[in-house]
Amino acid sequence: MPTADALSTSVVVVGLNAALQKRFVLPQGANLVPGNVHRAAECETGVGGKGQDVGVAMSCLLKQEQQASDDKVLLAQFLGRGPEGDAVSDTLKSNFGLSDALTVRNAAPLRTCTTIVGADEATELVETSGEVTKSEMEELQSKVEELTGKGGKADCVCIMGSMPPGCAEDTYADLTTRLAGKESLVLIDSVIGLEPLLDALSSIYAEGDNPKTGGAVLKLNAAELCKLAGVSKSGEAERVTLEELTASTKGFVAKFTKAIGALDYLCITDGKWPGYLVEVPESSSSSFETWRLPAVDLSDKGTLFPIGAGDTVAAGTLSAWQYLHHHSGEGFFGVVPSKVGKHLSEKRAQWSEGTSSSEEKGFEMATAFAFGLSCGSASCLKQENSVFDVDDAVAFFGNMPKPLTNQ
């Protein structure tokens, strides 16, 4: 196990496209009507951006046992100079205890994202991002090299969302190559620059004679997977069918051939419908395993705040995967608190009982993804992006039945 003061114990979240988040909450029972004048019942500002949401969600887990988060979760990000960037930087440090060791304050002003929260739905207004210059990207690369030079490769890497203008298509591939090794766990929640990123991961895992001990997963929603694979989905509001899921997985592997050797699983969300863990097949014609994870029913919870829920799924999944991968034990250095870790270990043992050794790996990942889905559901109950009550997530997770395979 790595020493506790090295980068090799840290989660590095690559979230290059940060934002200042504004929430405009409509009066109780009201919904947005285009063309009408709307007065807010409440307004507030906070942190936005997919990578930043992951950092916020992980800080909720760390706070459960008052763990220090400044070296356990690092955000690689660009924060524009000016009041918006200052506000996000201050909030990340003071409210969530997140380090700025991999933060670059770039010249372009930080974008603002506005969420209009109604009784039945939320509408997101997203501003364009300012351009990142070559020298600003080189500054981030230098910061990464300095940390990896001192502490080794990161234990976990999380690639989140879009990139601001000025970033090359292979930016995520470049940063992942600098940050990840054969022992790293990598979660990707982005389809930007996916092809070079998969190529980079394949090269990392193939390098040298030693087998990889880490792994990588791609988290995306069912509509994204179908679109990438060129498969028609029955409708955005309808749940994905097993036939669509099978066709899109095979189509994805046929289109992104480097996924074989780079990815172990696809973690597929589908809104209020069940999620799926899908084994990446060895070829587009190979058979593969799927695990269907039930959705949490939030229909009786009143007004929901879904912005950032998908990012919270990513945070919970990677944190749980980190815990289960290292088999916990004394001196565990990761994000998940010991109380939550105990639930994870028990659920994994329960779900994998009677399975073969080859199936155990799948149920380990299914356990991690189930916890992530529970965290995402819990975050829908809180107004602030990706903030959640860990006890809510544990309760949702505890009530989840064993995933159904190949159904």
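Higher on the page you've got the structure.
**Q** Whenever I open this one, the overall build of the chain confuses me. Can you help?
**A** Of regular secondary structure, the chain possesses 12 helices and 14 strands. Summarising its shape, the C-alpha atoms of the chain cover approximately 60 × 50 × 45 Å along the three principal directions. In the chain, buried positions account for 55% of the 407 residues. Restricting to contacts in the chain with at least 6 residues of sequence separation, those with at least 24 account for 73%. Accessible area for the chain stands at about 17000 Å²; split by element, carbon and sulfur atoms hold 48% of it. Across the chain, the centroid of the 34 positively charged side chains sits 1 Å from that of the 54 negatively charged ones.

**Q** What is the right way to read the environment of Pro 196 from this model?
**A** Relative to the helices and strands, Pro 196 resides in helix α5 (residues 194–206). A relative accessible area of 22% places Pro 196 in the partly exposed class. Measuring from C-alpha to C-alpha, the distance between Pro 196 and Lys 342 comes to 38 Å, with 146 residues separating the pair along the chain. Setting aside residues no more than four positions away along its own chain, Pro 196 makes contact with Glu 169, Asp 170 and Ala 173.

**Q** Where do I start with the sheet that holds strand β2 (residues 19–25) in this structure?
**A** Whenever strands of a sheet pair, they do so through backbone hydrogen bonds, lying parallel or antiparallel. The four strands are arranged β3-β2-β6-β7 in an open sheet whose pairing can be described as mixed. Bordering the open sheet on either side are β3 (42–48) and β7 (122–126), each of which pairs with just one other strand. Sheet twist, expressed as the average angle between the axes of neighbouring strands with direction ignored, equals 20°. Judged from the six bridges that link them, β2 and strand β6 (residues 112–117) form a sheet pairing that is parallel. Counterpart to Val 25 in the pairing with β6 is Val 117.

**Q** I tried to follow the packing of helix α10 (residues 338–352) against helix α12 (residues 390–398) on my own but got confused; where do I start?
**A** How two helices sit against one another is set out by the angle between their axes and by the gap between those axes. At a closest axis distance of 11 Å, the pairing of α10 and α12 adopts a crossing angle of 10°. With respect to their mutual orientation, α10 and α12 come out roughly parallel. Every residue of α12 that contacts α10 at Lys 339, Val 340, His 343, Leu 344 and Lys 347 is listed here: Val 390, Asp 391, Val 394, Phe 397 and Gly 398. Classifying every residue of the contact of α10 with α12 by side-chain character gives five nonpolar, two polar and three charged.

**Q** Mind showing me how you'd approach the packing of aromatic side chains here?
**A** The relative placement of two aromatic rings is captured by the distance of their centres and the angle of their planes. Tallied over the full model, the rule gives five aromatic pairs. Consider the rings of Phe 252 and Phe 256, whose centres lie 5.1 Å apart with planes at 35°: the pair is tilted. Classification of Phe 252 by relative accessible area gives buried; the value is 0%. Exposure remark for Phe 256: the relative accessible area of 8% places this residue in the buried category. When the ring of Trp 291 is compared with that of Phe 363, the centres are 6.3 Å apart and the planes differ by 80°; the resulting orientation is edge-to-face. Pair noted here: Trp 291 is in strand β13 (residues 290–293) and Phe 363 is in helix α11 (residues 357–379), with a separation of 72 residues, a long-range link. Grouping residues by exposure puts Trp 291 and Phe 363 together as buried. Taken together, the ring pairs connect Tyr 265, Trp 291 and Phe 363 into an aromatic cluster. Stacked on the ring of Tyr 205, the Lys or Arg Lys 212 has its end atom at 4.4 Å from the ring centre. Positioned above the aromatic ring of Phe 397 is the side chain of Lys 347, whose terminal nitrogen or guanidinium carbon lies 5.5 Å from the ring centre.

What counts, and where the lines are drawn
- Residues numbered from 1 in each chain as written.
- Predicted model: local features only at pLDDT ≥ 70, side-chain atom pairs only at ≥ 80, totals over all residues.
- Heavy atoms only, no water.
- Helix = DSSP H or I, 4+ residues; strand = E, 2+ residues; numbered from the N terminus.
- Buried < 20%, exposed > 50% of the residue type's maximum accessible area, 1.4 Å probe, protein only.
- Contact = heavy atoms within 4.5 Å.
- Areas by Shrake-Rupley, 256 points an atom, 1.4 Å probe, with all protein chains shown as cover.
- Lys, Arg positive; Asp, Glu negative; His and termini not counted.
- Charge placed at Lys NZ, Arg CZ, Asp CG, Glu CD.
- Pairing = 2+ DSSP bridges.
- Axes fitted to C-alpha atoms, helices over the stretch in contact; angles between N-to-C directions.
- Parallel < 35°, antiparallel > 145°, perpendicular 65-115°, else oblique.
- Nonpolar A, V, L, I, M, F, W, Y, C, P; charged D, E, K, R; others polar.
- Phe/Tyr/Trp six-rings, centres within 6.5 Å; stacked < 30°, edge-to-face > 60°.
- Lys NZ or Arg CZ within 6 Å of the ring centre and 35° of its normal.

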